[in-house]
Amino acid sequence: MPTTVLSDIGTLVTNDPALGDGPLGIRREAALVIDDGRVVWVGDSAGAPAADTGFDLAGRAVLPGFVESHAHLVFAGDRAEEFAARMAGLPYAAGGIRTTIEATRAATDEQLAATVRGLLDESLRAGSTTVECKSGYGQTVADELRSVQIAARFTDEVTLLAAHVPPPEYAGRTDEYVTMVCAEMIPRCAPYARWIDVFCEQGAFDRDQAHAVLTAGIAHGLVPRVHGNQLHQGPGVRLAVELGAASVDHVSQVNRADIAALADSDTVATLLPGADFCTRNSYPDARALLEAGVTVALGADCNPGTSYTTSLPFCIALAVREMHMTPDEAVWAATAGGAKALRRSDIGALSPGFRADAIALEAPSHLHLAYRPGVPLVGQVWREGVLVVPNRGAAQ
């Protein structure tokens, strides 16, 4: 493959402190060289080696591609009216998911795949070069199976979320549904997934039910993740830590014991401010988590009911404004933090050996992601060294 050099970068976020200033490893007036889809050189623009292809960034900022570690993209239907009702004062409850279950079951495979394809394209244009994708809106064996199969067409990061909420036909029989998930769904769906997830929350699944689902997934080679502590304090965080989950997501309602457990573990706390924005629930206490030493990731949580956005730049701005993260912390959480939540060591940084997933902003610094909220600043996107979203910037 031809080599590529990105030069005259105003601010380069490497996420490698050995390459530059602070935890983000920031270099100014920088360049990087890509060969065979990987970063092979980082240094001063004036000293950049020759390459087959060059892009002059004219002082723009370059960051690692965003790593979206929490997305629900296999669905059908629309819940805009539910959103409007919440904005008028109706409180959010987990049961709204059932509306999407009905629509998803009625959709064809082609319709579901078209939705996934469209949302992934939208995510890419917003700078997300790796996206995890969950099932969870089918909740029959056949519908969960086709959901993970469709997701697997587009990403290696497929999550089986069969235990999203108990489906309508199992009303009052949640234990029976859990038994069916463990005995039938997981064995059928596991070959198409990497992760097993569960919504451990009032109105969804309690600790024992969540434990049963996660351990059944582990027995079939899946790695656990948990939706936990979104609406109420509960057992989700500590269950995730107990089972060595890669992440526990939402983490909006936690106590000191939950934070201490996370700090003493390898489980990442994935914060989803888009969901709190769209439900008017309390935002997570990011400062308490960070100061305790918890590893924090940011996700957009794209889903049709409570966070219908694919924009991690929007979530970065929310994290800075509403959760009191610094811009540096929020950018790290949306890149390196997301990579850690997916247990990936090849993405989330622009350091030699890492996959060449990069985004160029129409701005001189990553600070503009929070400084200019709502502005589409992502100009160009490279994935594995290939320019997949071209915009401004001259190829030479």
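Since the structure is predicted, the reported quantities are computational estimates derived from the model, not experimental observations.

## Description of empty space enclosed by the protein
The rolling of a water-molecule-sized probe over the atoms marks out the regions of remaining empty space. Within the structure shown, the criterion is met by 1 cavity of 30 Å³ or more. Volume-wise, the largest cavity comes out at about 120 Å³. Lining the largest cavity are 13 residues, with Tyr92, Ile97, His164, Asn303 and Thr306 sitting closest to its centre. Of the residues assigned to the lining of the largest cavity, the class counts are 4 nonpolar, 7 polar and 2 charged.

## With respect to the state of the cysteines
Simply put, disulfide is the name for a covalent bond between the sulfur atoms of two cysteines. Applying the stated criterion across every chain, the model contains 0 disulfides. Here Cys133 stays unpaired: no disulfide links it, and the sulfur of Cys302, its closest cysteine neighbor, is 9.3 Å away. No disulfide involves Cys315; its nearest neighbouring cysteine sulfur is the one of Cys278, lying 8.8 Å away.

## Quick notes on the packing of aromatic side chains
Summed over all chains, the structure comprises 6 aromatic pairs. Their ring planes at 25° and their centres at 6.3 Å tell us that Tyr177 and Phe205 sit as a pair that is stacked. Here the residue Tyr177 occupies a position in helix α5 (residues 174-189), and Phe205 occupies one in the loop between β10 (195-200) and α6 (207-219), the gap between them amounting to 28 residues. Here Phe205 falls in the buried class, since its relative accessible area comes to 1%. Among the aromatic residues, those joined into a ring-pair cluster are Phe75, Tyr137 and Tyr308.

## Topic: the side chain of Thr306
Summarising the element assignment, Thr306 is placed in the loop between β15 (296-298) and α11 (312-322). Residue contacts for Thr306: discarding those within four places in its chain leaves Arg86, Tyr92, Gly274, Ala275, Cys278, Thr279 and Asp301.

## Notes on the pairing of strand β16 (residues 358-361)
Of the two faces of β16, both are covered, the one formed by Ala358 and Ala360 as well as the one formed by Ile359 and Leu361. Pairing geometry for strand β5 (residues 61-64) and β16, over 3 bridges, is antiparallel. For Pro64, the partnering residue across the bridge sits in β16 and is Ala358. Bridge count for β16 against strand β17 (residues 378-383) is 4 bridges, and the pairing is antiparallel. Bridge pairing in β17 links Ile359 to Val381.

## A short note on the pattern of salt bridges
Within the structure shown, the criterion is met by 21 salt bridges. Of the charged contacts, one joins Arg344 and Glu157 as a salt bridge, the two residues approaching to 2.8 Å between their closest N and O atoms. In this pair, Arg344 sits in the loop between α12 (327-341) and β16 while Glu157 sits in the loop between α4 (141-152) and β9 (158-163), placing the two residues 187 residues apart along the sequence. For Asp208, the salt bridge identified is with Arg207, shortest N-O distance 3.9 Å. Within the structure, one salt-bridge network assembled from shared partners comprises Glu157, Arg194, Arg344 and Asp346.

## Things to note about the pairing of β5
As defined by bridge partners, strand β1 (residues 4-12) adjoins β5 across 2 bridges and the pair is classed as parallel. Residue pairing across strands places Leu12 opposite Val62, the latter belonging to β5.

Definitions and cut-offs
Residues numbered from 1 in each chain as written. Predicted model: local features only at pLDDT ≥ 70, side-chain atom pairs only at ≥ 80, totals over all residues. Heavy atoms only, no water. 1 Å grid on protein atoms, 1.4 Å probe; cavity = no way out; pocket = protein on both sides within 12 Å on 5 of 7 lines; lining within 4 Å. Points joined across faces, edges and corners; volume = space filled by probe spheres on them. Nonpolar A, V, L, I, M, F, W, Y, C, P; charged D, E, K, R; others polar. Disulfide = S-S within 2.5 Å. Phe/Tyr/Trp six-rings, centres within 6.5 Å; stacked < 30°, edge-to-face > 60°. Helix = DSSP H or I, 4+ residues; strand = E, 2+ residues; numbered from the N terminus. Buried < 20%, exposed > 50% of the residue type's maximum accessible area, 1.4 Å probe, protein only. Contact = heavy atoms within 4.5 Å. Pairing = 2+ DSSP bridges. Salt bridge = Lys/Arg side-chain N within 4 Å of Asp/Glu carboxyl O.

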